[in-house]
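Here is how the chains run, residue by residue.
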Amino acid sequence: MRGSSLVSNSIIFAIVSIIISWKGGAKAISDESFVKCLVKQSNPSFPISTAIFSPNNDSYSSVLQSYIRNLRFNTSSTPKPFLILTALHPSHVQAAVICAKKHGLQIKIRSGGHDYEGISYVSDLPFFLLDMFNLRKISVDIDSQFQTAWVQTGATLGELYYRIAEKSKLVGFPAGICPTVGVGGHFSGGGYGNMMRKYGLSVDNIIDAQMVDVNGRVVDRKSMGEDLFWAIRGGGGASFGVVLAYKVNLVRVPEVVSVFRVQRTLEENANEIVHQWQHVAYNLDENLFVRVTLDVINATQTGEKTVRATFRGMFLGDSATLVSMMNQSLPKLGLVSSDCIETSWIESVLFWTDFPRGTPTSDLLIRTPPSVPYLKRKSDYVKKVIPKHELKGIWKKMIELEIPQLVFSPYGGKMGMIQSTETPFPHRAGNLWKIQYATNWNEGGSEAAKHYIDLTRKLYDYMTPFVSKNPRQAFLNYRDLDLGINKGTYFQATTYGIKYFLHNFDRLVHVKTKVDPTNFFTNEQSIPTFPSIN
């Protein structure tokens, strides 16, 4: 190929001159042969040079920072990629894989940047960033017998929802409530939202995929085989290759859905309501999802700290039925018709994201969050109802720490009907709800980070008696490096792998060993290969 002529001398010179510091000391990154390799391997009809950004490029910093969603990883001391490739065509992804293998370079793969520990764009080893945000084509088919959509992994959930609603207001897709989350990470880690009790997770509705495998080939479900297709639906796609697109089954939604948000403090009987909620939320009609968010605020009357519980729900039906159902199952909340809003499914997405009423649905196409904080997240699963007096202890601990926020998302319904081995995501029957520990702060610096992360860990430790045990389970999409870090061995990886995947972990390792025996696709919490036996 005559591809080398497509790369400017400035880009080649920048790559030649880059030196990156890492834990092993200063290491010179490959010379222009890496860039030449990218050019040679990509399709000449889709020039790759415009997709390459080095630190000498004026746009490098803005490209890197544009999809960082945790300010903890946007500091001057955060390790940076020696090159960013914003793929414009599948051949660019193929070239990235082939050339990274040839030159022994670590590749980080980013779609939306919402991974809580920055794993998709930070590393202590020399690395380059493959950013997928330009690959966001969505094709919705509602005319065939089975209504489906192909969505590239650089698309956001908001874009997917909007494009579905463009075609029909009577179909939707069960995925997350945050519209700026990238499809790639969300789907490959499980993907849940407020329709999971009716339709399961995102991964439960994926029927095909296109990916670039470790050999640089574009494969689909048929050519990759069922084992690999199983693995990339909940096992973390970046451990096995670069997923380009998923094909999903769309689901039916009614013309009218009903939503509500009701808040109660401890002084307004929140303890009694939460206690009742945990007995019934997992057992409600599968069309109804009621989440509880708990945070610490100043009490209106006294100014002292108290806990506020926010009950937010969605019902796939009319508000009269919703109120009747809630007053029968959760009467202590006292839901009334004026608390409810009847709306379309697509407009309910705006409600759950706290957009003001009347916001046009086109705002779902905005790819930038309204704010980007410093943050830490952790997760748990609850299998037994927490006694009322123990709930009071939790509230007391929250008030003592003031953070983090707790988010309770109920299971049951469809989530209890799907076998735990159907996908790598194993947290099915037997779970009452999932907990997210959510801590945000605005102060920069390592001392502030340590302070807030330590407070989050203290509440997590306090919750130990009330959550799953042996192992204490966790949700992959709430990435948490406290659970362990992959240092290159199977046995080290079990510290987090068993918590994320339970009995599915060894099957994931088996698939990994088969399709990527040299462990090329690796990150701080990737699936390892089995130890070689001499």
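Above this text you will find the structure in question.
Residues numbered from 1 in each chain as written. Predicted model: local features only at pLDDT ≥ 70, side-chain atom pairs only at ≥ 80, totals over all residues. Heavy atoms only, no water.

Draft legend 1. Here's a closer look at the pairing of strand β20 (residues 433–441). The buried fraction of β20 amounts to 8 of the 9 residues, a majority that puts the element mostly inside the structure. Relative to β20, strand β18 (residues 374–382) runs antiparallel, the two being bridged by 9 bridges. When the bridges of β20 are listed, Tyr 374 appears paired with Trp 441. Two strands pair when backbone bridges link them, and strand β19 (residues 405–410) and β20 are joined in this way by 6 bridges, in the antiparallel orientation. Residue pairing for β20: Ser 409 is matched across the bridge by Lys 434. (Buried < 20%, exposed > 50% of the residue type's maximum accessible area, 1.4 Å probe, protein only. Helix = DSSP H or I, 4+ residues; strand = E, 2+ residues; numbered from the N terminus. Pairing = 2+ DSSP bridges.)

Draft legend 2. Seen up close, the packing of aromatic side chains. Within this structure, the stated rule accounts for 27 aromatic pairs. Centroid distance Phe 475 to Tyr 478: 4.9 Å. Interplanar angle 75°. Geometry classified as edge-to-face. What makes Tyr 478 buried here is its relative accessible area of 6%. By way of ring pairs, the aromatic residues Tyr 116, Tyr 192, Phe 425, Phe 475 and Tyr 478 are connected into one cluster. Sitting over the ring of Phe 475, Lys 434 keeps its end group 4.1 Å from the ring centre. Geometry around Tyr 460 places Arg 472 over its ring, the cationic atom sitting 3.6 Å from the centre. (Phe/Tyr/Trp six-rings, centres within 6.5 Å; stacked < 30°, edge-to-face > 60°. Lys NZ or Arg CZ within 6 Å of the ring centre and 35° of its normal.)

Draft legend 3. Local environment of unusual backbone geometry. In this structure, the amide linkage connecting Ile 403 to the following residue, Pro 404, adopts the cis form with an omega of 0°. Residue position: Pro 404 is located in the loop between α13 (388–401) and β19. With a phi close to 75°, Asn 269 is a non-glycine residue in the positive phi region. Inspection of the secondary structure puts Asn 269 in the loop between β14 (257–265) and α10 (270–280). Owing to a relative accessible area of 33%, Asn 269 belongs among the partly exposed residues under this scheme.

By themselves, these are just geometric observations and shouldn't be taken as functional.
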